[in-house]
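Summary of structural features
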Number of protein chains: 4
Amino acid sequence: MLIVLKHDVTKDEIDHIVEKIKSLKLEPHVSTGIQRTIITVMGDEDVIRELPLTAIAGVESVKPILKPFKLVSRETHPDRTVVDVGGVKIGGSKIIVIAGPCAVEGEKEVVEHAIMVKKAGADMFRAGSYKPRTSPYSFQGFGPEGLKYLAAAREATGMPVVTEVMDPRDVELVASYVDVLQIGTRNMQNYNLLKEVGKIDKPVLLKRGMSSTVNEFLMSAEYILSQGNKQVILCPRGIRTFEDVTRNTLDAGVVPIIKQWSHLPVVADPSHAMGIKDFVLPAAMAYVAAGADGIMVEAHPNPEDAFSDGQQTIDSAQLIALVQKLGKLAQVIERVE
Amino acid sequence: MLIVLKHDVTKDEIDHIVEKIKSLKLEPHVSTGIQRTIITVMGDEDVIRELPLTAIAGVESVKPILKPFKLVSRETHPDRTVVDVGGVKIGGSKIIVIAGPCAVEGEKEVVEHAIMVKKAGADMFRAGSYKPRTSPYSFQGFGPEGLKYLAAAREATGMPVVTEVMDPRDVELVASYVDVLQIGTRNMQNYNLLKEVGKIDKPVLLKRGMSSTVNEFLMSAEYILSQGNKQVILCPRGIRTFEDVTRNTLDAGVVPIIKQWSHLPVVADPSHAMGIKDFVLPAAMAYVAAGADGIMVEAHPNPEDAFSDGQQTIDSAQLIALVQKLGKLAQVIERVE
Amino acid sequence: MLIVLKHDVTKDEIDHIVEKIKSLKLEPHVSTGIQRTIITVMGDEDVIRELPLTAIAGVESVKPILKPFKLVSRETHPDRTVVDVGGVKIGGSKIIVIAGPCAVEGEKEVVEHAIMVKKAGADMFRAGSYKPRTSPYSFQGFGPEGLKYLAAAREATGMPVVTEVMDPRDVELVASYVDVLQIGTRNMQNYNLLKEVGKIDKPVLLKRGMSSTVNEFLMSAEYILSQGNKQVILCPRGIRTFEDVTRNTLDAGVVPIIKQWSHLPVVADPSHAMGIKDFVLPAAMAYVAAGADGIMVEAHPNPEDAFSDGQQTIDSAQLIALVQKLGKLAQVIERVE
Amino acid sequence: MLIVLKHDVTKDEIDHIVEKIKSLKLEPHVSTGIQRTIITVMGDEDVIRELPLTAIAGVESVKPILKPFKLVSRETHPDRTVVDVGGVKIGGSKIIVIAGPCAVEGEKEVVEHAIMVKKAGADMFRAGSYKPRTSPYSFQGFGPEGLKYLAAAREATGMPVVTEVMDPRDVELVASYVDVLQIGTRNMQNYNLLKEVGKIDKPVLLKRGMSSTVNEFLMSAEYILSQGNKQVILCPRGIRTFEDVTRNTLDAGVVPIIKQWSHLPVVADPSHAMGIKDFVLPAAMAYVAAGADGIMVEAHPNPEDAFSDGQQTIDSAQLIALVQKLGKLAQVIERVE
């Protein structure tokens with residue numbers, strides 16, 4: 001921690017700050033320059049992080065030195081985590097593809113959709129039974145009933161299934177039906193929900209918040225790991241910026257940073273990043289070229305009839321092309337570190 | 001709804017779109033220009049909003065005409081809502097001030113803090129007993145125990161109390177102790193939580209999400225109203241932008257827009273908007289000059305000892321100055337429409 | 001300057017960095033903690049700022065301690081600058097109002113517009129003769145001819161005149177006709193233009209770039225001051241963010257920061273910040289409540305006939321109301337430090 | 001153009017708007033629904049675009065139907081433009097690489113740097129002789145003298161050379177020495193400069209502004225084409241967002257959009273997008289995977305001694321790896337439309 005003092009700081013103020021730091025059993029080093037005095041504090045940054053240093057008279061700014069996350073960090077855990085979902089290895093050498101419609105649309109439908117996804121060569125199936133919708137008047141999903149349909153889809157295809165959970169009260173039930181629990185963008189900092197999924201023994205796919213920084217994203221993963229669940233998959237899905245020609249702004253640039261800072265695998269979502277079906281393929285290519293371990297896309301046999309997100313949902317032919325293109329790309333980028 | 005077709009759209013594609021719209025019992029009007037054909041659809045926009053029009057071949061873009069919210073809209077409810085919290089009228093002619101520490105810090109402490117706030121001339125007390133913290137290793141609040149302390153603070157001062165609720169499982173309990181339930185920034189789109197607070201008979205203070213648009217902010221309020229609870233206070237609190245000299249970017253410009261679009265009262269939070277205690281006063285002035293009905297600030301007798309957010313917490317003298325300055329400002333801006 | 005080293009930095013790498021810093025005649029202090037080694041460098045930060053420290057092996061990040069600007073800083077120049085434009089004192093106790101149409105619309109018109117502005121009680125007249133337009137097919141302004149009309153407007157009203165200059169080749173000519181030269185948003189980092197206006201003896205009104213940080217904004221002012229011209233007025237005018245219901249996002253929160261960091265006066269532009277004429281008044285109030293020394297607005301007798309920016313241009317009645325409201329506000333906020 | 005009227009618009013207001021549109025020789029169609037009346041205007045949108053429709057009483061909002069650019073549009077020019085720079089074809093089937101140091105560092109140096117770039121297998125050389133620097137106290141480049149050094153570098157290697165021009169007064173001189181003129185990010189909307197480079201017969205590489213939308217970016221290209229110069233290369237280089245772990249936010253997602261909307265070639269700059277040398281390669285891969293025709297990177301034999309931008313400058317070994325990786329990637333993505 002580096003504490004920069006104001007140019008007109010007084011000796012009494014400096015003494016007060018030094019005393020405050022010492023009371024935390026930390027050792028401050030005061031350096032006096034021509035224009036500024038600064039105080040360097042070595043030691044456990046977590047202890048001092050809690051202290052509102054800039055509330056103290058004489059302090060101009062505080063600059064942390066260490067990153068706030070521990071369990072998700074590659075520094076403490078240099079080996080990459082591979083999350084094994086029923087034999088599908090996420091974070092290994094193969095680029096994996098998760099696909100399926102935005103929403104569960106009925107029992108017969110979800111099975112048909114899963115078969116389509118399987119035939120296209122994807123590795124895992126996705127569909128939402130609890131739907132977070134901007135409007136209270138929009139279709140809110142099948143709820144618990146849809147979980148049974150998802151189990152039927154897995155039964156029919158042998159593919160593992162991922163679905164979103166929105167409420168801490170539903171975690172146990174959802175975990176009893178599906179293979180991976182998804183935490184949605186709007187719930188990335190729903191800390192009580194994170195704690196609940198941290199207590200179960202199923203992998204969690206954590207989507208990046210719409211305007212969350214990399215640090216915040218990793219701290220939300222830290223919440224899950226801190227409860228005991230180490231199987232977390234990080235899912236960039238575009239961020240909100242001034243650009244409005246796409247639904248969000250593709251955040252492919254964050255992939256190599258996450259891979260350098262953390263040992264957790266990255267599966268990115270080009271459908272939400274772009275929001276336009278014709279741009280899902282180039283966005284998926286960009287994510288994987290930047291280092292993603294896999295891709296999760298919205299796919300439906302007939303996007304114009306999808307219950308939701310049809311505008312960004314690719315059809316069967318597009319999904320087949322995507323799986324093949326990513327397969328070729330995987331060879332080129334030599335996914336061996 | 002306006003549907004702009006691609007420049008090379010075919011007649012078959014147009015026919016298909018027209019048929020699709022008619023199947024929803026809506027009436028499409030096709031206009032053919034030199035460069036583009038467009039289809040105008042009058043009628044219930046909610047019906048067509050669900051349809052993924054841009055997933056249909058030949059469609060270039062879709063432009064909604066109506067705003068998606070209804071119950072919160074001034075069009076359907078031209079009279080302003082005044083939320084009465086134990087006699088404190090929010091949205092009336094008086095600028096109200098809510099103040100208190102970020103966190104409940106103990107029973108004795110919270111009573112002292114409330115007395116300080118009362119003496120400074122503020123109208124309502126705030127303190128958090130459930131704390132959403134970025135790090136799982138930070139102080140997470142007193143939880144249910146703190147609710148009792150808040151009740152004691154109200155007992156001691158007669159001031160109504162506002163506190164945050166983070167979990168749908170806690171709504172009933174929190175509502176039994178305090179006067180206003182706060183939905184935090186990170187939970188603005190936690191729809192299950194919104195639905196729960198929509199079912200109780202206590203006012204809700206809804207904070208704006210870090211990067212939520214005005215439409216999304218009002219749609220989250222719509223969730224609460226749609227469940228029956230009409231007592232919602234909207235709380236802008238800064239947004240996330242590229243600017244990093246302040247914790248967030250002051251969103252005073254959003255106040256007159258919300259006041260024009262909605263009948264709900266606005267109480268803004270300059271502490272989180274700026275994140276620096278010396279800038280809380282000018283930010284509060286800006287919010288009120290722009291039309292806010294009140295201000296909620298973090299205040300503590302000794303900010304450098306605050307459990308959290310000390311850097312943006314004003315002290316007793318600053319709170320007294322703020323209450324007085326806002327009082328003068330209220331006279332100038334003639335809060336009579 | 002604080003240099004944070006990587007957790008696996010080697011002794012050789014540390015020695016190399018230390019040597020590098022010493023070669024600049026600066027004194028590095030190495031502190032070794034449990035998790036990180038850091039190097040503190042006191043002394044002239046400008047010298048080391050040029051060095052690409054993060055390009056050196058073993059360096060994780062570099063944290064500057066000092067702000068990069070000097071001449072515009074209040075630290076080196078604690079007294080506030082008052083820019084005197086033909087008797088109108090900008091940065092003094094009076095809130096000043098600059099008003100006029102977006103564009104010069106003809107000789108007769110510009111004189112009429114100036115008379116309207118004068119009658120409304122504003123202090124200075126504005127109109128653009130060189131117009132930066134997003135489209136090459138839009139009206140580009142009267143150019144040199146319009147400067148003569150502006151001189152006529154000043155003649156007719158006695159009010160000083162401000163107009164934009166876009167090209168270093170025009171600076172001398174523009175300065176010979178008007179009282180204040182405006183540097184537009186899109187040219188805030190047109191350094192050659194900044195250098196040219198830095199060499200003349202006329203005040204410069206510098207608009208903030210669409211997405212410039214406070215530091216960049218002040219560094220652009222520093223360019224002008226570094227050439228000798230000390231009469232700079234800083235003009236916040238909204239910034240670009242994700243919010244799209246207004247043309248830009250009101251940046252009232254930046255005003256108290258600029259006033260704390262710099263001695264230069266601030267005149268803000270609520271017309272461009274909001275882009276909607278009905279919101280110009282609350283935005284102007286917010287800027288002044290936050291500490292601005294004045295306001296520059298677009299005004300026209302008949303906004304729907306304005307050559308450009310009509311949607312954000314207020315009419316005569318609105319301008320009169322704005323001048324009166326700001327006058328009352330000025331009394332409340334006690335503009336005496 | 002679609003004009004949405006306010007819910008309480010009067011008949012007189014509608015008549016006035018209709019008359020206004022007819023006076024422009026355009027044909028308005030009025031459609032009255034239950035909640036809103038709208039007016040559709042077919043025909044030349046440029047004419048009506050100039051009209052400040054939202055300044056007119058009764059108008060709620062205006063929704064343009066057509067994109068504002070023409071010459072850069074693929075609609076009017078379906079064939080892709082290939083810019084031929086001394087035999088290097090930009091926009092053809094080959095992914096091209098432009099590399100070199102941020103700044104010209106001397107005659108001997110620039111020749112050495114060009115030889116390094118040539119040996120690494122890149123196609124074109126870049127180095128800046130006029131440097132736009134945030135601080136007036138930073139190195140501002142060699143100016144005209146440096147242009148001669150660049151000519152020497154071309155002489156020595158046979159590679160075409162690209163360099164930035166910042167001032168309309170320098171365009172002719174710069175064009176007499178180099179093969180491609182670069183317009184920098186900060187000058188993307190320096191319209192007078194755009195007009196000057198639009199009059200010469202040399203290719204122009206136009207960098208995207210820090211927070212410019214795709215529409216604005218293409219409109220700046222339109223400025224150049226409108227003056228007669230059709231040889232424009234578009235250069236995305238990262239945008240400014242809330243994310244601050246990288247210098248800018250990688251804008252790979254914009255590439256497929258530009259390629260769909262415009263016929264102009266795209267050469268992207270991963271160095272400025274990321275600002276960190278270790279992330280230049282994955283960012284370059286992402287740009288090309290998303291459809292870019294080439295990459296421009298900062299490279300230097302010894303980045304830690306670079307005059308500027310060393311932190312994002314790759315060395316010789318990294319450049320060789322980048323050229324090879326992009327070559328392999330090019331095969332996979334089948335650059336044949």
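Everything that follows concerns the structure shown earlier in this document.
Residues numbered from 1 in each chain as written. Chains lettered and ligands numbered in written order. Predicted model: local features only at pLDDT ≥ 70, side-chain atom pairs only at ≥ 80, totals over all residues. Heavy atoms only, no water.

**Let's talk about the relation of the copies chain C and chain D**
Between chain C and chain D, which share one sequence, the superposing operator has a rotation angle of 180 degrees and an axial displacement of 0.0 Å; the RMSD is 0.0 Å. Both chain copies can therefore be described as sitting about a two-fold axis. In terms of C-alpha distance to the rotation axis, chain C has Ser 211 of chain C as its closest residue, with the C-alpha 3.1 Å off the axis. Interface overlap between copies: 100% of the residues of chain C at the interface are likewise at the interface in chain D, consistent with a symmetric, same-surface contact. (Least-squares fit on C-alpha atoms with pLDDT ≥ 70 in both. Contact = heavy atoms within 4.5 Å.)

**A short note on the sheet that holds strand 1 (residues 2-5) of chain B**
All names here are of chain B. Sheet architecture is open: four strands sit in the order 2-3-1-4, paired in antiparallel fashion. The open sheet has two edge strands with one neighbour each: strand 2 (27-32) and strand 4 (59-63). Each strand axis lies, on average, 20 degrees off the axis of its neighbour in the sheet, ignoring direction. When strand 1 meets strand 3 (residues 37-42), the two strands line up antiparallel, connected through three bridges. In the strand pairing of strand 3, Ile 3 is matched with Ile 39. (Pairing = 2+ DSSP bridges. Helix = DSSP H or I, 4+ residues; strand = E, 2+ residues; numbered from the N terminus. Axes fitted to C-alpha atoms, helices over the stretch in contact; angles between N-to-C directions.)

**Some points on the pairing of strand 10 (residues 180-183) of chain A**
Residues and elements named next belong to chain A. Residue alternation in strand 10 divides its side chains into two sets, Val 180 and Gln 182 and Leu 181 and Ile 183, and both sets are buried. As defined by bridge partners, strand 9 (residues 161-164) adjoins strand 10 across three bridges and the pair is classed as parallel. What sits directly across from Thr 163, in strand 10, is Leu 181. Between the parallel pair strand 9 and strand 10, the chain is carried across by helix 5 (residues 171-177), and the sense of this crossover is right-handed. Relative to strand 11 (residues 204-207), strand 10 is paired through three bridges, and the arrangement is parallel. Each bridged residue has a counterpart across the sheet, and for Gln 182 the counterpart in strand 11 is Leu 205. One crossover worth recording links strand 10 to the parallel strand 11 by way of helix 6 (residues 191-198), and it is right-handed. (Buried < 20%, exposed > 50% of the residue type's maximum accessible area, 1.4 Å probe, protein only. Right-handed = clockwise from strand over helix to strand, strands pointing away.)

**Structural notes on the interface of chain C and chain A**
Counting residues at the interface gives 21 residues for chain C, matched by 22 residues for chain A. The junction of chain C with chain A conceals about 2,000 Å² of combined surface from both sides, 66% of it contributed by carbon and sulfur atoms. Area buried by chain C at its contact with chain A is led by Met 42, Ile 65 and Glu 75 of chain C, which between them contribute 26% of it. Viewed at the interface, chain A and chain C are joined by four salt bridges. Ionic pairing is found between Arg 36 of chain C and Glu 75 of chain A, a salt bridge with its closest N-O pair at 2.4 Å. Taken together, the links from chain C to chain A amount to four residue pairs in polar contact (both at pLDDT 80 or more). Listed by contribution, the elements that provide at least two residues to the side of chain C that touches chain A are strand 1 (2-5), strand 2 (27-32), strand 3 (37-42) and strand 4 (59-63) of chain C. Tallying contributions element by element places strand 3 of chain C first for the side of chain C that touches chain A, with three residues. Residue composition of the side of chain C that touches chain A, by class: eight nonpolar, seven polar and six charged. (Buried area = accessible area lost by both parts, 1.4 Å probe. Salt bridge = Lys/Arg side-chain N within 4 Å of Asp/Glu carboxyl O. Polar contact = N/O pair within 3.5 Å; in protein donor to acceptor, adjacent residues only side chain to side chain. Nonpolar A, V, L, I, M, F, W, Y, C, P; charged D, E, K, R; others polar.)

**A few points about the interface of chain C and chain D**
Residue-level contacts link 51 residues of chain C with 51 residues of chain D. In total, chain C and chain D occlude about 4,300 Å² of area from one another, counting both sides; carbon and sulfur atoms represent 45% of this. For the pair chain C and chain D, the interface holds 27 residue pairs in polar contact (both at pLDDT 80 or more). Taken together, the residues of the side of chain C that touches chain D sort by class into 17 nonpolar, 16 polar and 18 charged.

**Examining the relation of the copies chain C and chain A**
With an axial shift of 0.0 Å and an RMSD of 0.0 Å, the rotation relating chain C to chain A amounts to 180 degrees. The residues that chain C uses at the interface reappear at the interface of chain A in 100% of cases, marking a shared surface.

**Re the side chain of Lys 207 of chain A**
Residue and element names in this part refer to chain A. Its place among the elements puts Lys 207 in strand 11. Note on Lys 207: relative accessible area 3%, which makes it buried. Side chain to side chain, Lys 207 and Asp 269 meet in a polar contact 2.6 Å long. Not counting the four nearest positions on each side in its chain, Lys 207 is found in contact with Gln 182, Ile 183, Gly 184, Thr 185, Met 188, Phe 217, Cys 235, Arg 237, Asp 269, His 272 and Met 296.

**Describing the packing of aromatic side chains**
Evaluation of the coordinates by the stated rule reveals 20 aromatic pairs over all chains. Taking the centre distance of 5.9 Å and the plane angle of 80 degrees together, the rings of Phe 139 of chain A and Phe 142 of chain A count as edge-to-face. Exposure remark for Phe 139 of chain A: the relative accessible area of 26% places this residue in the partly exposed category. Judged by its relative accessible area of 31%, Phe 142 of chain A is partly exposed. Judged by centre distance (5.2 Å) and plane angle (80 degrees), the ring pair of Phe 139 of chain C and Phe 307 of chain C falls under edge-to-face. In this pair, Phe 139 of chain C sits in the loop between strand 8 (124-126) and helix 4 (144-157) while Phe 307 of chain C sits in the loop between strand 14 (294-298) and helix 11 (316-332), placing the two residues 168 residues apart along the sequence. On the accessibility criterion, Phe 307 of chain C (32% relative accessible area) is partly exposed. (Phe/Tyr/Trp six-rings, centres within 6.5 Å; stacked < 30°, edge-to-face > 60°.)

**A closer look at the sheet that holds strand 11 (residues 204-207) of chain B**
All names here are of chain B. The strand order across the open sheet built from eight strands is 12-11-10-9-8-7-14-13, with neighbouring strands paired in parallel fashion. Only two strands of the sheet have a single partner each, and these edge strands are strand 12 (232-235) and strand 13 (267-268). Strands strand 11 and strand 12 of the sheet are contacted by helix 7 (residues 214-226), whose axis makes an angle of about 160 degrees with strand 12.

**Here we look at the packing of helix 6 (residues 191-198) of chain D against helix 7 (residues 214-226) of chain D**
Residue and element names in this part refer to chain D. Close contact between helix 6 and helix 7 brings their axes to 7 Å; oriented N to C, the two are set at 45 degrees. Considering the angle they form, helix 6 stands oblique to helix 7. For the element pair helix 6 and helix 7, the recorded crossing hand is right-handed. Each of Tyr 191, Leu 194, Lys 195, Val 197 and Gly 198 in helix 6 lies in contact with helix 7, whose residues at this interface are Ser 220, Tyr 223 and Ile 224. Of the residues belonging to the contact of helix 6 with helix 7, the class tally is five nonpolar, two polar and one charged. (Parallel < 35°, antiparallel > 145°, perpendicular 65-115°, else oblique. Left-handed = near helix turned anticlockwise from the far one by under 90°.)

**Topic: unusual backbone geometry**
In this structure, Lys 25 of chain B takes a positive phi of about 65 degrees despite not being glycine. Mapped onto the secondary structure, Lys 25 of chain B falls in the loop between helix 1 (11-22) and strand 2.

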